[in-house]
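# Descriptive analysis of the structure
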Amino acid sequence: MNISRRQMMVAAAAVPVAGRIDAALAPAAVVRPDDEAYWAKLAGQYDVTRDIIQLENGNWGMMARPVLEHYEAAVRRVNRETSYYARRGLTPDLMAVRDRVAAKMGVASQEIAFTRNATEALKALIGGYNRLRAGDAVLYADLDYDSMQACFASLKRSRGVDVVSIALPEPATHQGLIDTYEAALKANPKIRLILLTHLSHRTGLVVPVRDIVAMARARGVDAIVDAAHSWGQLDFRPADLDADFVGFNLHKWWGAPLGVGVIYIRGSKIDLIDPDSANTPPFAANSYTRVHTGTVDFAAQLTVPAALDFQDAIGDAARAARLRHLRDLWAETLRGTPGLEILTPSDPRLHGGITSFRFAGRTSVQDNAAIAKRLLDEHRIFSVHRDGPARGACVRITPALFNSAADIRVLEKAIPKLLRRA
Ligand SMILES: Cc1ncc(COP(=O)(O)O)c(C=O)c1O
């Protein structure tokens, strides 16, 4: 097939510059979390399957249609121009994307670098942290992410440290969580490094990261923060966590294409993380030298501004409030139901949109996989069971912006039915 020069230019120009949502969907004022008419219009921007009620949106976040279109155009451009673009225009374009993300985070551009996901960012932080000596100790909790627990456990082999694990209280309180970490540090004075998961993928519990980081810092203990699920689901500015080492995802709650995460290292702490072994000296004092991804999906990174445009048009506070509202519609309505355990407290500081539940005494993986299966088979609700909390497995419910109050009502009616026949 012959493609004319003009056709090529039209294709090149077709890369949308931003992922703006339909002007009618950008709310004039802050949108209310229960304004179903607004949220239904917004849901229309997502091509979500209606075969099921999708309440398992924690794995990653769907791209809204304008973001997907931007991504498709960016893939076509990268594929068409390959190295001609990569060796000339790509680097400044990616630096501009990085600057945009850093500004949104409230941090300096050189303090962040793109990774392919939160795992890659956190692995670089945990493996690269160089202040540990044989005989020191490190700490993680039951609700931390499995791979990050494994990274911490591997420090025993690589650095000769003792690995301490704790169970977070269930039910939890804000002060109780801070006290739990403080008690663990007091009981184990050799701890030098802790892992903190801001928002647990197991239960949805939000840990008061800022307070715990400050408490640990005062005791000479560093913290690596796993913010894979929190930034974008909760309304906060990463700089306000006042943490030194953090891993983020942009492909969960920001709705960027799969394959974009961020590593953050506070500028003044850069020497505590070793340069990545795939980099060559001299090592600049920036996060970019602390992680080496090799060749990545540039189109995914180039689509991040479109994803941010889309989310900014909704507003961070409105998005977080909507997700909480969808969670409250079932979790707070059903709280107190005999035999039902809601695994995040009502305290709004301790949850976002995700919340898990458990039927009392039904703590095995098999029990909870069976409950998730019945939700799907009998009520068309797609959820997922999660293992790992010290008190037992559970079923996780993760709403997204395209879910309606009606979706949640189906869940709210289904859970008591399953409980009666459990
Ligand atoms: C708490 C937490 N940390 C880390 C990760 C890893 O994220 P990714 O698989 O995108 O690297 C996840 C993924 O779900 C997570 O929930």
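Residues numbered from 1 in each chain as written. Predicted model: local features only at pLDDT ≥ 70, side-chain atom pairs only at ≥ 80, totals over all residues.

## A closer look at the overall build of the protein chain
Counted only if it meets this: Secondary structure counts use DSSP, requiring at least four H or I residues in a row for a helix and at least two E residues in a row for a strand, with both numbered from the N terminus. Any pair of residues counts as being in contact when their C-beta atoms, constructed from backbone geometry, are within 7 Å of one another.
Check the secondary structure of the protein chain and you find 13 helices and 13 strands. Judged by the C-alpha coordinates and their principal axes, the protein chain covers about 70 × 55 × 40 Å. At a minimum sequence separation of 6, the contacts of the protein chain that also span at least 24 residues come to 73%.

## Topic: the sheet that holds strand β10 (residues 355–359)
The strands making up a sheet associate through hydrogen bonds between their backbones, and the pairing can be parallel or antiparallel. Let me state the cut-off plainly: A strand pair is defined by DSSP finding two or more bridges across the two strands. Helix axes are fitted to C-alpha atoms over the stretch in contact, other axes to C-alpha atoms as well, and angles between N-to-C directions run from 0 to 180 degrees.
If you walk across this open sheet you meet the four strands as β9-β10-β13-β12, and the pairing is antiparallel. The outermost strands of the open sheet, each flanked by one partner alone, are β9 (340–342) and β12 (384–386). The mean inter-strand angle of the sheet, taken between neighbouring strand axes irrespective of direction, is 35°. Helix α11 (residues 316–334) rests against β9, β10 and β13 (394–397) of the sheet, and its axis sits at about 135° to β9. Together, β10, β12 and β13 form the strand contacts of helix α12 (residues 365–379), whose direction differs from that of β12 by roughly 165°.

## A short note on the domain arrangement of the protein chain
As a reminder, the rule being used: Boundary definitions for the domains trace back to an automatic or database domain assignment. Each residue is assigned to one of three groups, with Ala, Val, Leu, Ile, Met, Phe, Trp, Tyr, Cys and Pro labelled nonpolar, Asp, Glu, Lys and Arg labelled charged, and all others, Gly among them, labelled polar.
What the domain assignment reports for the protein chain is domain 1 (90–308) and domain 2 (317–420). Put simply, the middle of domain 1 and the middle of domain 2, counted by C-alpha atoms, are 27 Å apart. The interface of domain 1 with domain 2 comprises 19 residues on the first partner and 21 residues on the second. When the residues that make up the side of domain 1 that touches domain 2 are grouped by side-chain class, the tally is nine nonpolar, five polar and five charged.

## Focus: the nonpolar core
Rules: Any set of buried Ala, Val, Leu, Ile, Met, Phe, Trp, Tyr and Cys residues joined through C-beta atoms within 7 Å is what this text calls a nonpolar core. Whether a residue is buried, exposed or partly exposed follows from its count of other C-beta atoms within 10 Å of its own C-beta, namely 20 or more, 12 or fewer, or something in between, respectively; the C-beta atoms are built from the backbone.
Judged by nonpolar contacts, the single largest core of 110 residues is most densely connected at Leu-125, Ile-194, Ile-224, Val-225, Phe-248 and Ile-263. Summarising the domain contributions, this core has at least three residues from each of domain 1 (90–308) and domain 2 (317–420). Residues within four places of Phe-248 in sequence aside, it is in contact with Ala-118, Ala-121, Ala-227, Ala-228, Trp-231, Gly-261, Val-262 and Tyr-264. Counting residues in each nonpolar core, the second largest holds seven residues, with Val-31, Trp-39, Ile-314 and Ala-400 among its members.

## A closer look at the environment of Ile-371
Residue placement: Ile-371 occurs in helix α12. Residues Ile-371 and Phe-359, spaced twelve residues apart in sequence, show a C-alpha to C-alpha distance of 9.1 Å. In this structure, Ile-371 is in contact with Phe-359, Val-395 and Leu-418, ignoring residues within four places of it in sequence.

## With respect to the sheet that holds strand β3 (residues 137–141)
If you trace the seven strands from one edge of the open sheet to the other, you get β2-β8-β7-β6-β5-β3-β4, paired in mixed fashion. Of all strands in the sheet, those bounded by a partner on one side alone are β2 (112–115) and β4 (162–166). Shown here is a sheet whose adjacent strand axes are inclined to one another by a mean of 20°, direction ignored. Bridge count for strand β5 (residues 191–197) against strand β6 (residues 222–227) is five bridges, and the pairing is parallel. Across the sheet, the residue bridging to Ile-194 is Ala-223, located in β6. Sheet contacts for helix α5 (residues 118–128): β2, β6, β7 (245–249) and β8 (261–265); angle to β7, the most-contacted strand, approximately 165°. The sheet strands contacting helix α7 (residues 174–187) are β3, β4 and β5, and the helix crosses β4 at an angle near 150°.

## Considerations on the site of the ligand
Here is the rule: Contact assignment follows one rule, namely that a residue is near a molecule or strand if its backbone-placed C-beta atom lies within 6 Å of it.
Near the ligand, the surroundings consist of Asn-117, Ala-118, Thr-119, Tyr-145, Thr-197, His-201, Asp-226, Ala-228, His-229 and Asn-249. A breakdown of the residues in the shell around the ligand according to their chemical character gives three nonpolar, six polar and one charged.

## A look at helix α4 (residues 90–105)
Worth spelling out the cut-off: Helix span, as expected, comes to 1.5 Å for every residue beyond the first. The directions considered for the arc are those from the helix axis to the C-beta atoms.
With 16 residues, α4 ought to run about 22 Å at 1.5 Å a step, and its terminal C-alpha atoms sit 23 Å apart, in line with that. Taken together, the buried positions of α4 are Arg-98, Val-101, Ala-102 and Met-105. Looking straight down α4, one finds its buried side chains confined to an arc of 100°; they lie on one side. In α4, the exposed residues that point more than 90 degrees away from the buried face are Pro-92 and Ala-103. Tucked into the core, α4 has its buried residues touching β2, β8 and α10 (304–314). Downstream of α4 by a residue or two, Gly-106 has a phi angle that is positive, lying close to 80°.

## A few points about the packing of α7 against helix α8 (residues 209–218)
Inclusion rule: The cut-offs work like this: below 35 degrees is roughly parallel, past 145 is roughly antiparallel, 65 to 115 is roughly perpendicular, and the gaps in between are oblique. Left-handed describes a crossing in which the near helix is turned anticlockwise from the far one by less than a right angle; the clockwise case is right-handed.
Where α7 contacts α8, the two axes come as close as 10 Å, and the packing angle between them is 20°. Here α7 is positioned roughly parallel relative to α8, judged by the angle of their axes. Viewed along their axes, α7 and α8 form a crossing whose handedness is right-handed. Touching Ile-178, Tyr-181, Glu-182 and Leu-185 of α7 are Asp-211, Ile-212, Met-215 and Ala-216, all from α8. Each residue belonging to the contact of α7 with α8 can be placed in one class, and the counts come to six nonpolar, no polar and two charged.

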